[in-house]
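Working through the structure, step by step
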Amino acid sequence: MSATSPETSDAHPRFAEALQELGLGDLLPRVRRFPERTRTAAEAAAAIGCGLSEICKSLIFAAWGSPRLDQGREPGQGVPVLVLMDGASRVDLERVRQELGAERVTRAGSDLVREATGYAIGGVPPFGHATRTVVLADRSLLDHDVVWAAAGTPHAVFPMAPRTLIAHAGGALVDVRETAE
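Below you will find a few notes about this structure.

What counts, and where the lines are drawn
- Residues numbered from 1 in each chain as written.
- Predicted model: local features only at pLDDT ≥ 70, side-chain atom pairs only at ≥ 80, totals over all residues.
- Heavy atoms only, no water.
- Helix = DSSP H or I, 4+ residues; strand = E, 2+ residues; numbered from the N terminus.
- Buried < 20%, exposed > 50% of the residue type's maximum accessible area, 1.4 Å probe, protein only.
- Contact = heavy atoms within 4.5 Å.
- Pairing = 2+ DSSP bridges.
- Arc of directions from axis to C-beta.
- Phe/Tyr/Trp six-rings, centres within 6.5 Å; stacked < 30°, edge-to-face > 60°.
- Salt bridge = Lys/Arg side-chain N within 4 Å of Asp/Glu carboxyl O.

1. Observations regarding the overall build of the protein
Counting its regular elements, the protein contains 5 helices and 8 strands. For the protein, the α and β elements follow one another from N to C terminus as α-β-α-β-β-α-β-α-β-β-β-α-β. Across the 181 residues in the protein, those meeting the buried criterion constitute 49%. Partitioning the contacts of the protein with sequence separation of at least 6, the portion at a separation of at least 24 is 65%.

Spelled out as structure tokens, the structure:
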């Protein structure tokens, strides 16, 4: 078995498989696993030894009332949306709502996160999900040459250039972080 096989990687097996399918198998040996969880951006940054803003958070939100998203969904059911955000920033829900043309946007519950992505909160990677979702990527990620994102578990992360990560996630570049007023 090679060092780049999904079976020997520290990434979640489903995510390791997704990397192989995307032609990104060379990333498998670069996945870092930590004995302590890295569920939060601050925990991940401390474990890696990088700045908090160099962490790419993969956050799932639920959107209601968006003609763009509601096709094929039952009325009243929130549509999952993935937002990729730098670890030092917070998502501005009003900006996400405006980007989506939605009536309302809320943080998704753990059941919707697992249903949409196949992963638990704290380990959601930016791509390789169980279902295809709309992806919004905040421009703040482009402030870095490399960002670190979850590799499918709260214990594993991987490095990638932000533009490459956003492209593989199918993300639209937007400005959805909170700003000081």
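2. Focus on the pairing of strand β5 (residues 134–138)
Counted residue by residue, β5 has 4 buried out of 5 residues, so it is predominantly covered. As judged from the 4 bridges shared by strand β3 (residues 79–86) and β5, these two strands associate in the parallel manner. Among the inter-strand pairings, L82 is bridged to a residue of β5, identified as V135. Bridge count for β5 against strand β8 (residues 172–174) is 3 bridges, and the pairing is parallel.

3. Section: helix α5 (residues 162–169)
Owing to its 3.6 residues per turn, the α-helix aligns residues three or four sequence positions apart on the same side. Among all positions of α5, only P162, L165, I166 and A169 are buried. Summarising the axial view, the buried residues of α5 lie within an arc of 95°, below the 170-degree limit, and thus occupy one face. Residues of α5 that are exposed and angled more than 90 degrees away from the buried face: R163 and A167. Its buried side turned inward, α5 meets β2 (55–64), β3, β5, β6 (147–150), β7 (156–160) and β8.

4. What about the packing of aromatic side chains?
Under the definition given, this model contains 3 aromatic pairs. Between the aromatic rings of F15 and F158, the centroid separation amounts to 5.2 Å while the plane-to-plane angle is 40°, which identifies the pairing as tilted. Of this pair, F15 sits in helix α1 (residues 13–21) while F158 sits in strand β7, and the two are 143 residues apart along the sequence. Like F15, the residue F158 is buried in the burial classification.

5. Topic: the environment of E103
One can find E103 in the loop between α3 (93–100) and β4 (104–107). Note: C-alpha distance between E103 and A63 (40 residues apart in sequence) is 7.6 Å. The residues touching E103, leaving out its near neighbours within four places in the chain, are W64, G65 and R97.

6. Some words on the pattern of salt bridges
A full pass over the atoms with the stated rule returns 5 salt bridges. With its nearest N and O atoms 3.9 Å apart, the salt bridge here joins R177 to D86. Here R177, found in the segment after β8, pairs with D86, found in strand β3; they are 91 residues apart in sequence, far enough to count as distant. Given a relative accessible area of 32%, R177 falls into the partly exposed group.

By themselves, these figures tell us nothing about what the structure is for.
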